[in-house]
Amino acid sequence: MGQPKAWLEWHGSTLLYRAAAILARTVDGPVVVVAAPGQELPPLPSNVSVVEDPVEGLGPMQGLAVGLAAVADRAETAFVCSTDMPFLHPAFVRRVLRALPEGTDVALPVARGFRQPLAAGYRTALAGLVRDLLAEGDLRPGMLFKHCEVAQLDDERLLADAELSRRDPELESVVNVNSPDDYAVARDRPEPEIVVECFGALARNGSHRPHTVRAATLGAAASAVGLTLSRHVVAALNGDQVTRDERLPLVAGDTVAFLSADAGG
Amino acid sequence: MAPGGFFGRALLVDVTGREAVCAPYELDERVLRSYLGGVGLGTWLLHRLAPAGVDPLAPEAPLAFVFSSLVGTPLTTSAKFAVVAKSPLTGLLTDALASSQFAIAGKLTGHDALVIRGRADELSVLLIDGDGVRLEPAPELAGLTAAEAETAARARFGRNWRTAAIGPAGERLVRYATISHDGRHAGRGGLGATMGAKNIKAVLVRAATKVAVADQPGVLAAARDLRRRSFGPATAKYRELGTLANLLAFNAVSTLPTRNFTAATFEGAPRLAAEELHELRGVARNSCASCSIGCEHIYSRKGGGSQRMEYENVFALGPLCGVSDPDEVFAASARCDELGIDTISAGGTIAWAMECVERGLLDEPWLRFGDGAALLRALDAIGTRSPGLGDLLAQGSRRAAAVVGHGSIDFAPQVKGLELPGYEPRSLQTMALGLAVNARGADHNRSGAYEADLSGELDRLAGGSAHVAAAVETEDRAAVMDSMILCKFLRGVFDEPFTEWAALLALVTGWPVDAAELRETARRIVLAKRAFNLREGATAADDTLPARMLETPLELGSGRRAALDADRLRSMIAGYYAARGLDEEGRVVTAHPDLLLDV
């Protein structure tokens, strides 16, 4: 790839920033990035923390153990993903996490013909079991699944979710980039379609009415309607989070409301 | 000699009987510097002049019109005054700010404050100018709107008088009656009832003197600079659409209280939105006296006439009551102005009553959410205090809920008796804290904590320690702006507010005041308000929100739920008490020996 995947440019930030920010805007709990020993990471969203994997070379199971342990005191379940999934959609994350009811340890998508252990939901209490398996030399996720209750989610089950079916009908959430060509193809795709509304003094010529733009980040969406996020201009994403983070990744189906931060009266 | 911008004295006026008796009341420079004027000085005066435990509607309860050093200067938005009293609605301190020529003329009677006590034998007007005070019987003004009374009084006494008057609701002691002047209102807390209880229909003031500032060239230069900045992006919203611009934006972020806070989005919001109305209606703009922003937007009404519309009156008489027809909301707003009642408390109390009807707790089947005619009928019942429903609702939602019972207090939209403004606490959790702890009750002007929620810097759905710090900061800023006095709509033009405000104050007064001193002043004013309330019987139990807010999560438009449970609110309140140096019961016990300046 020429450089670590985490650092690959993605619409003004990086693949890692995008993956972390997508999770941060989707889940209520903590988001952590597991870094290899000594690994230098690109900038991350302010609400994302980093934990260092003390052991190198043991593969994704080791990262899984470290990550689950890092959030176990604050969350019962966690969505785990790799850094190179540029089309991960919040609807996919929500669908997977909903498949982790009481008694299920892993929600494992089997999407686009493959098991997706790095786009799956796990009970954080599994951290100890994963560590034990690693100590016994079992480095493959498949060994973990033999020891716990796994709910497999095939394409049909995944797409039974109306939101996911509407937003990501091809399940491109699980597409990753493993070669320069993969990356080039992914990067050349058009930005997602976003619905934009402008309110108050930010609305010009009826622009408070919803209209569609293509934008991969909040900053790009603002530019598309002639705005710059600032102390006086903020955005509400899908009617809840209010933010000025220009790098916040957007996905198909998002609605962005631009409003004046000077809300008094 | 008084510092620049001040006279160094208040005027105490007793209207008992048929003649007004007045006496000067010296204001030591230390008091002026410690409380600044406006709300701060008014609070100090109430501590001194209101007997402990006084009935807010009793003759001895003081009603204070308080000015500041900035009034009469060319600084934009400074033509403001505070009306301060013990609230008939909350039983605690209330203060309402308003902007008009009354501020300038009132101050230039030669006083930093006018304090009225007593009760006239008959409905009267009180005149104050350089020659002293006069009480004139005015039975012919009975039942007139405030605007009509103003016109009649100036016709009788001369056009060079400036007037603050009450409408029929004030005369009838509706507990959220307003005091009006130049079409503006000192709106919250029932100050109009306090004036009505004194049998004063109108206070007329006439300028008689001048007041010097410490650095006239400096003040002029600062005024030019502030005026220039007042045309920038921080005030664009107010200039271009007015406060009604909030409505559609708040609807988009699920913080538009709807049908008595049972929802936070309103399907009829687009019909009431400033953006739509500007396209469909004729709109005129107007400014308060000495203001360069010009936030007032006056819309034409179908069938003729026009009405000034603000976010708060549209929210309270529209979505909160489920009414989406703009002309019905315009009519209701106009009716509130004519009666002289606070639109927020009126809308909140009626919305509560509508929910009571839905639940079978009130036998008034005509009073339904969404029915604009019913809204007008209810307003008339309140304004005339018609027996039964009118009398009940004239007391405000808290007292009415005490009468109706059956748990209706849980959904009465009030804090400390004051009805909630149009900011949904569950989806604005810094604001939730601000609403809960504020001395005036559920109030958006003494705690602009919503700013933090909408800044993009905090998670507005997960209140915590950062939200506490933000609420304290916005409350401090409000305390200074409300005491200096400057319009809050200017706040966005200041990059370093306390530093810049200190510089303005230094130019006017000559005091070598700095940002640190102003921060301490803010803290003193906030604590002095709380100390007054504690003296009047308030406890930590009053620092809360209606049970509905703490027990019923809110469905957001996005599908997420906004929940603010009692534990989270209590935790934030505990943090607030700690930040303010209060004890665990919210009492003022810290080392502030000169909190009330025993001078």
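Residues numbered from 1 in each chain as written. Chains lettered and ligands numbered in written order. Predicted model: local features only at pLDDT ≥ 70, side-chain atom pairs only at ≥ 80, totals over all residues.

Caption draft 1: View of the environment of B:Pro139. All names here are of chain B. Structurally, Pro139 can be placed in the loop between strand 8 (132–137) and helix 4 (146–157). Given 9 C-beta atoms within a 10 Å radius, Pro139 is considered exposed. Between the C-alpha atoms of Pro139 and Leu123, which are 16 residues apart in sequence, the distance is 5.5 Å. Apart from the residues lying within four places of it in its own chain, the contact partners of Pro139 are Glu122 and Leu123. (Helix = DSSP H or I, 4+ residues; strand = E, 2+ residues; numbered from the N terminus. Buried ≥ 20, exposed ≤ 12 C-beta atoms within 10 Å, placed from the backbone. Contact = placed C-beta atoms within 7 Å.)

Caption draft 2: Quick peek at the environment of B:Phe489. Residues and elements named next belong to chain B. Here Phe489 lies in the loop between helix 20 (465–484) and helix 21 (497–509). On the basis of neighbour counts, which here come to 23 C-beta atoms within 10 Å, the residue Phe489 falls in the buried class. Sequence separation between Phe489 and Ala234 is 255 residues, and the spatial gap between their C-alpha atoms is 8.3 Å.

Caption draft 3: Main features of the sheet that holds strand 12 (residues 233–237) of chain A. Residues and elements named next belong to chain A. Here we have 5 strands laid out as an open sheet, ordered 11-10-14-12-13, and mixed in their pairing. Pairing within the sheet leaves two strands with one partner each, and these edge strands are strand 11 (211–214) and strand 13 (241–243). Pairwise comparison of adjacent strand axes, ignoring direction, gives a mean angle of 35° for this sheet. (Pairing = 2+ DSSP bridges. Axes fitted to C-alpha atoms, helices over the stretch in contact; angles between N-to-C directions.)

Caption draft 4: Up close: the domain arrangement of chain B. Residue and element names in this part refer to chain B. Segmenting chain B into domains produces domain 1 (9–205), domain 2 (234–419) and domain 3 (425–556 + 563–580). On a C-alpha basis, the centroid separation for the pair domain 1 and domain 3 is 26 Å. Taken together, the contact pairs 35 residues of domain 1 with 26 residues of domain 3. If you list the elements that add at least two residues to the side of domain 1 that touches domain 3, you get helix 1 (29–35), helix 2 (38–49), strand 4 (80–86) and strand 5 (93–99). Among the elements that line the side of domain 1 that touches domain 3, the one with the most residues is helix 2, at 8 residues. For the side of domain 1 that touches domain 3, a count of residues per class yields 13 nonpolar, 17 polar and 5 charged. (Domains from an automatic or database assignment. Nonpolar A, V, L, I, M, F, W, Y, C, P; charged D, E, K, R; others polar.)

Caption draft 5: Main features of unusual backbone geometry. Cis geometry is adopted by the peptide bond preceding B:Ile485, which originates at B:Met484 and carries an omega value of 5°. For B:Ile485, the location among the structural elements is in the loop between helix 20 and helix 21. With a phi angle near 55°, A:Leu171 is a residue other than glycine that sits in the positive phi range. In this structure, B:Lys416 is a non-glycine residue whose phi angle is positive, near 60°. Its location among the elements puts B:Lys416 in the loop between strand 16 (414–415) and strand 17 (418–419).

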